[in-house]
Amino acid sequence: MRALRMLLGAVFFVAFALNLFAWSLPQSGAKCTPFDQRVTAMPFDEQLWAALGHEAWYVEHGYGNTPPVHLSATTQPALTVSTGGWITSNANQLYLPVVFQDRLPRLTPTATLTPGLTPTPSATATSIPIVPPPEIEARAIWVTRFDWTCILTESPDCQLPGPQTIQRMVDNIDSAGFNIILFQVRGQGDAYYTPGLEPWAARLTGTYTATLGQDPGWDPLATLIDAAHARDIQVHAYFNVYSAWSGTSAPPDGTTPLHPFWAWSRAPGSSWSYWRQWNANYQPMLLNANYLWASPGNDWLVEDHIVAAALDLLHRYDLDGLHLDLVRYAGMEYSCDPRSEERWGAPCFTNGDYADWQRAQVTRLVSRVYHEGILPLGRRALLSAAVWWFPQDLWGMGCSGGYDRYYQDSHGWLSAGVIDAEMPMLYGCPAFGSGPVGDGNWIMVMRDWLNHHADRYVFPGISADLDWSSIEARINAERAEAVSSGAMPGHAIFSYGVIQARDYWTAFASGPYRQRAAAPTPAWHP
């Protein structure tokens, strides 16, 4: 075992060295490439989706630095399925999964999870009856920070965003018939709103990191709330939870307020590595090309700060909800950090109970935000979360589950009543691609989700990066299943930038959203 750990450690550091070398390659020649030319060498890889969540789409399609541009859907680049191994790409879309290696045997969950129907996907969705648009339905759209910000040095067309940028987005969203905006306000311990407990995001002033903490002179969240509420559109603050930073360099020091990277590293009793997730070889996660993750098992630094940041948002802004993302562990072999082992009372992964303990830490954070932030407000603000595509791959689709691999007990949150709504990200996994087979797989998993709604809301996620016929089929199928299962109708579309690139605004307005609908509000709130 000692020899194996030494070998794995060597592999880790060799990969890290390769990462640093590749990341140092010149990138100054990057241009704002048209959408139809952005065919990258990067295939689907689940570890990329685990590392970045929603943002993996932007990396795979080359949109890390500039928002997608409007082009015909016929120019959509194809996505291929990875055959395994390391991912390779050009320097602008670099991804080496240094800290997301899968080296441990698959854990067996202690809970019994069963599908809500026979795990055999239907080949077509033609048997789904057409359901008229309901009067109350969640029509949510994810708006990421990559949808409307850019990097000045990476694109000659980059213009710093301002209030007019937000107004144009709300105009498009309203014209299409959406009624909920999931607006990203926290990406990596930074703020797309007036601080607060964390510094202004650097992307607001056109850099990756250099302008962290610099006031852009306006408040994007406040501007969005005013514009959206004037159109009777709800605004939910979309909040990355455990992502602490990204990139191979530390964030700038000395910002006001201080970035969590430095605040946590310098806290009495802490260190540069104490608050991070550690792998099973006791290697703390290092700065890397993607996210550096904080440990859910660290209660007094990480958990307390994240809860406080969430409550600060809820108290200072007229929000209709808080939407959690990346609310899980980075991977199956995490985390063996000192604070988690201290609280667990034994070495990590000594038995299957440690996985249960880790799931309980994530659940505790969700519960704290709900009971300390949402319920005491006495108004109808929802707590929701973007969750992994399914808890377990009960259907043999070839993509892993969030329950046993990322320690996210999404069904348990619904059953325990510590969350109002879940939006499973039913995209990314190649089984959900365009066409009859992908539609059948999506419908089957969607039905299972709605059968577990536990008298709360489940609004399945739909990628806009599909043929329009598949999007319509999935919306129609979800509406029909909501009627038969007694669930609240609703779904969430990823994302603003993808709809813009596909030019689907009119298609939504003249098709599934041709009749306006009101967003639901939870009857169980005080």
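Residues numbered from 1 in each chain as written. Predicted model: local features only at pLDDT ≥ 70, side-chain atom pairs only at ≥ 80, totals over all residues. Heavy atoms only, no water.

**Q** For this particular structure, what's the right way to read helix α12 (residues 436–451)?
**A** Here α12 spans 22 Å end to end across 16 residues, near enough to the 22 Å set by a 1.5 Å rise per residue. Summarising burial for α12: 12 of the 16 residues are buried, a large majority. Along α12, the positions that sit buried rather than exposed are Gly 438, Asp 439, Gly 440, Asn 441, Trp 442, Ile 443, Met 444, Val 445, Met 446, Asp 448, Trp 449 and Leu 450. (Helix = DSSP H or I, 4+ residues; strand = E, 2+ residues; numbered from the N terminus. Expected span 1.5 Å × (residues − 1). Buried < 20%, exposed > 50% of the residue type's maximum accessible area, 1.4 Å probe, protein only.)

**Q** Which parts of the structure should I look at to understand the state of the cysteines?
**A** The term disulfide refers to a covalent linkage connecting the sulfur atoms of a pair of cysteines. Overall, the coordinates contain 3 disulfides when judged by the stated rule. Across a sulfur-sulfur distance of 2.0 Å, Cys 150 and Cys 158 are joined as a disulfide pair. Linking Cys 150 and Cys 158, the disulfide has an S-S dihedral of approximately 85° and is accordingly described as right-handed. A residue is classified by how much of its surface remains accessible, and Cys 158, at 12% relative accessible area, is buried. With cysteine numbering restricted to those in disulfides and following the sequence, the protein chain has the pairing 1-2, 3-4, 5-6. (Disulfide = S-S within 2.5 Å.)

**Q** What should I look at first to understand the pattern of salt bridges in this one?
**A** Note on pairing: side chains with opposite charge can pair once their charged atoms come close. Applying the stated criterion to the full structure yields 21 salt bridges. A salt bridge links Arg 231 to Asp 171; the shortest N-O distance between them is 2.4 Å. Of this pair, Arg 231 sits in the loop between α5 (220–229) and β3 (234–240) while Asp 171 is found in helix α4 (residues 163–176), placing the two residues 60 residues apart along the sequence. Ionic pairing is found between Glu 198 and Arg 186, a salt bridge with its closest N-O pair at 2.6 Å. (Salt bridge = Lys/Arg side-chain N within 4 Å of Asp/Glu carboxyl O.)

**Q** Please clarify how the layout of surface pockets should be interpreted in this entry.
**A** Space left empty within the atom packing is revealed by a probe, the size of a water molecule, rolled over the atoms. A volume near 550 Å³ is recorded for the second largest pocket. Lining the second largest pocket are 24 residues, with Pro 67, Asp 147, Trp 148, Thr 165 and Arg 168 positioned closest to its centre. The set of elements that each furnish at least two residues to the lining of the second largest pocket consists of α4 and α14 (496–502). Of all the elements, α4 adds the most residues to the lining of the second largest pocket, at 5 residues. Its residues assigned to classes, the lining of the second largest pocket comprises 11 nonpolar, 10 polar and 3 charged. (1 Å grid on protein atoms, 1.4 Å probe; cavity = no way out; pocket = protein on both sides within 12 Å on 5 of 7 lines; lining within 4 Å. Points joined across faces, edges and corners; volume = space filled by probe spheres on them. Nonpolar A, V, L, I, M, F, W, Y, C, P; charged D, E, K, R; others polar.)

**Q** Sorry if this is basic, but what is going on with unusual backbone geometry here?
**A** Among all residues except glycine, the phi angle is most often negative; among peptide bonds, the trans geometry is most common. A cis amide bond links Thr 256 with the next residue in sequence, Pro 257, at an omega value of -5°. With respect to the helices, strands and loops of the structure, Pro 257 is situated in the loop between β4 (243–247) and α6 (260–266). Look at the link from Phe 494 to Ser 495: it is a cis peptide, with omega at -5°. Here Ser 495 is to be found in the loop between β11 (490–494) and α14. With phi around 55°, Phe 349 is a residue other than glycine that occupies positive phi space. Inspection of the secondary structure assignment puts Phe 349 in the loop between α8 (338–344) and α9 (353–374). You will see that Tyr 407, though not glycine, has its phi angle at about 60°, which is positive. Structurally, Tyr 407 is set in the loop between α10 (402–405) and α11 (410–416).

**Q** How should I be thinking about the sheet that holds strand β9 (residues 457–458) in this particular structure?
**A** Sheets are built from strands paired through backbone hydrogen bonds, the pairs being either parallel or antiparallel. The strand order across the open sheet formed by 9 strands is β9-β8-β7-β6-β3-β2-β1-β11-β10, and the pairing between neighbours is parallel. Edge positions in the sheet fall to β9 and β10 (461–463), since each of these pairs with one other strand and no more. Pairing of strand β1 (residues 138–143) with strand β2 (residues 180–186) involves 4 bridges; the strand directions are parallel. The residue bridging Val 143 from the neighbouring strand is Phe 183, located in β2. Against the sheet, α9 touches β6 (321–325) and β7 (382–387), its axis set at about 160° to β7. (Pairing = 2+ DSSP bridges. Contact = heavy atoms within 4.5 Å. Axes fitted to C-alpha atoms, helices over the stretch in contact; angles between N-to-C directions.)

**Q** It is not clear to me how the side chain of His 54 should be interpreted in this structure. Could you clarify?
**A** Among the structural elements, His 54 can be located in the loop between α2 (46–52) and α3 (56–60). A polar side-chain atom of His 54 sits 3.4 Å from a polar atom in the side chain of Trp 142. Within the structure, His 54 has its side chain in polar contact with the side chain of Tyr 427 (distance 2.8 Å). Among all residues touching His 54, those that are not within four sequence positions of it are Trp 49, Trp 142, Tyr 238, Asp 325, Ala 386, Met 425, Tyr 427 and Phe 494. (Polar contact = N/O pair within 3.5 Å; in protein donor to acceptor, adjacent residues only side chain to side chain.)

**Q** I keep staring at the packing of aromatic side chains and nothing clicks. Help me out?
**A** Any aromatic ring pair is given by two values, namely how distant the centres are and how the planes are angled relative to each other. Across all of its chains, the model carries 35 aromatic pairs by this definition. When the centroid spacing of 5.1 Å and the interplanar angle of 80° are considered together, the rings of Trp 57 and Tyr 58 count as edge-to-face. No difference in accessibility class separates Trp 57 from Tyr 58, as the two residues are buried. Put simply, the rings of Phe 44, Trp 49, Trp 57, Tyr 58, Tyr 63, Trp 142, Phe 146, Trp 388, Trp 389, Tyr 406, Tyr 427 and Phe 494 pair up and form one aromatic cluster. We note Arg 328 situated over the ring of Tyr 406; from NZ or CZ to the ring centre the distance is 5.4 Å. (Phe/Tyr/Trp six-rings, centres within 6.5 Å; stacked < 30°, edge-to-face > 60°. Lys NZ or Arg CZ within 6 Å of the ring centre and 35° of its normal.)

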